[in-house]
Amino acid sequence: MSSTPSKGDLRSAALARRDGLGDAPRAAAAEAIARRGLPIDIKSGAVVAGYSPIRSEIDPTPLMRMLAALDARLALPAVIARGKSLVFRAWSPNDKLMVGPLGIPEPSPAAAELVPDIMLVPLAAFDRAGHRIGYGAGHYDVTLAHLRKANAVVAIGLAFAVQEVEAVPMQPHDVALDYVLTEKHTFDFRSS
């Protein structure tokens, strides 16, 4: 009798595969995603929230620079408190960042708060149903649930292809993604 892997097991295995990628394949993957762009139209002035990559996450900066050239307004998340929704502060690629409470670079508290139309979401693992595994704190699930009460926020996961898993065990509080972009594919989950 085989057992279904836990989120923790899936996270560990996917992160090990992600960590095993070298610098050149990481940079090439980020550039490939930027060249392909988003699978949806970006209206002038739309707010796109990215993230500051940590550990071995795929770097969204090339994609964000391309979106800025299309007249998108950029933002990065700031952690206010564990279990609370993230806030998003205005950011441009030349802005200096400060280290937030979790050790993640984020904009100054003086930067304007923005409500994203599109969120680029980091992840540890994903499946072909649009489910993701993060790092376990639930920041993105809480944030997406909160934002979607008032707005149609599009959630786009960014990942390396090696982070795909067969199936993510879902819990009631988990929020699915609309898309996942890897260096090889664009996955659209809106109709699944």
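Before any of the text, the structure's been laid out above.
Residues numbered from 1 in each chain as written. Predicted model: local features only at pLDDT ≥ 70, side-chain atom pairs only at ≥ 80, totals over all residues. Heavy atoms only, no water.

**Student:** Is there a simple way to explain the overall build of the protein chain in this structure?
**Tutor:** Helix and strand counts for the protein chain come out as four helices and 12 strands. The C-alpha radius of gyration of the protein chain comes to 16 Å, within 12% of the 16 Å expected for a compact globule of 192 residues. Projected onto its principal axes, the C-alpha coordinates of the protein chain cover approximately 55 × 35 × 35 Å. A burial count over the protein chain gives 47% of its 192 residues as buried. By sequence separation, contacts in the protein chain at least 24 residues apart represent 69% of the contacts at least 6 residues apart. For the protein chain, the computed accessible surface area is about 9,600 Å², with 54% contributed by carbon and sulfur atoms. (Helix = DSSP H or I, 4+ residues; strand = E, 2+ residues; numbered from the N terminus. Rg over C-alpha atoms; globule rule 2.2 N^0.38 Å. Buried < 20%, exposed > 50% of the residue type's maximum accessible area, 1.4 Å probe, protein only. Contact = heavy atoms within 4.5 Å. Areas by Shrake-Rupley, 256 points an atom, 1.4 Å probe, with all protein chains shown as cover.)

**Student:** Is there a simple way to think about the nonpolar core in this case?
**Tutor:** For soluble globular proteins, nonpolar side chains are generally found buried alongside one another. Core analysis: the largest hydrophobic core is formed by 47 residues, its most contacted members being Leu-38, Ile-58, Leu-63, Met-119, Leu-120, Ile-156 and Leu-158. For Leu-120, the contacting residues outside a window of four places in its chain are Leu-38, Val-48, Ala-49, Gly-50, Tyr-51, Pro-60, Leu-63, Met-64, Tyr-140, Ile-156 and Leu-158. Counting six residues, the second-largest nonpolar core is a separate cluster that includes Ala-14, Ala-125, Ile-133 and Val-165. (Core = buried A, V, L, I, M, F, W, Y, C linked by side-chain atoms within 4.5 Å.)

**Student:** Can you walk me through the pattern of salt bridges in this structure?
**Tutor:** Where side chains of opposite charge bring their charged atoms close, a pairing between them can arise. Scanning the entire structure with this criterion turns up five salt bridges. Ionic pairing is found between Arg-89 and Glu-106, a salt bridge with its closest N-O pair at 3.9 Å. With Arg-89 in strand β3 (residues 87–90) and Glu-106 in strand β5 (residues 105–106), this pair connects stretches of sequence that are 17 residues apart. Per residue, the accessibility class of Arg-89 equals that of Glu-106, and both read buried. We note a salt bridge from Asp-188 to Arg-190, for which the minimum N-O separation is 2.6 Å. On the basis of relative accessible area, Asp-188 is assigned to the partly exposed category, the value being 36%. Relative accessible area serves as the criterion here: at 54%, Arg-190 is assigned to the exposed category. (Salt bridge = Lys/Arg side-chain N within 4 Å of Asp/Glu carboxyl O.)

**Student:** Quick question: what am I supposed to make of the environment of Ala-167 here?
**Tutor:** Considering the arrangement of structural elements, one finds Ala-167 in the loop between β10 (154–158) and β11 (179–181). Separated by 93 residues in the primary sequence, Ala-167 and Leu-74 place their C-alpha atoms 32 Å from one another.

**Student:** It is not clear to me how the packing of aromatic side chains should be interpreted in this structure. Could you clarify?
**Tutor:** Think of a pair of aromatic rings as described by two things: how far the centres are apart, and how the planes are tilted against each other in angle. What the rule picks out here adds up to two aromatic pairs. Consider the rings of Phe-126 and Phe-187, whose centres lie 5.6 Å apart with planes at 55°: the pair is tilted. Of this pair, Phe-126 sits in strand β8 (residues 125–126) while Phe-187 is found in strand β12 (residues 186–188), placing the two residues 61 residues apart along the sequence. Overall, the relative accessible area of 0% leaves Phe-126 in the buried class. Their ring planes at 5° and their centres at 6.3 Å tell us that Phe-187 and Phe-189 sit as a pair that is stacked. (Phe/Tyr/Trp six-rings, centres within 6.5 Å; stacked < 30°, edge-to-face > 60°.)

**Student:** Would you explain the sheet that holds strand β6 (residues 113–114) in this entry?
**Tutor:** The pairing of strands in a sheet happens through backbone hydrogen bonds and is either parallel or antiparallel. Taken in spatial order, the eight strands make up an open sheet running β6-β3-β2-β1-β7-β10-β11-β12, and their pairing is mixed. The strands lining the two open edges of the sheet, one partner per strand, are β6 and β12. Strand direction decides the pairing type here: strand β1 (residues 47–49) and strand β2 (residues 73–78), joined by three bridges, are parallel. Bridged to Val-47 within β2 is Arg-73. Across the sheet, helix α3 (residues 61–69) touches β1, β2, β7 (118–121) and β10, and the angle it forms with β2 is around 140°. (Pairing = 2+ DSSP bridges. Axes fitted to C-alpha atoms, helices over the stretch in contact; angles between N-to-C directions.)

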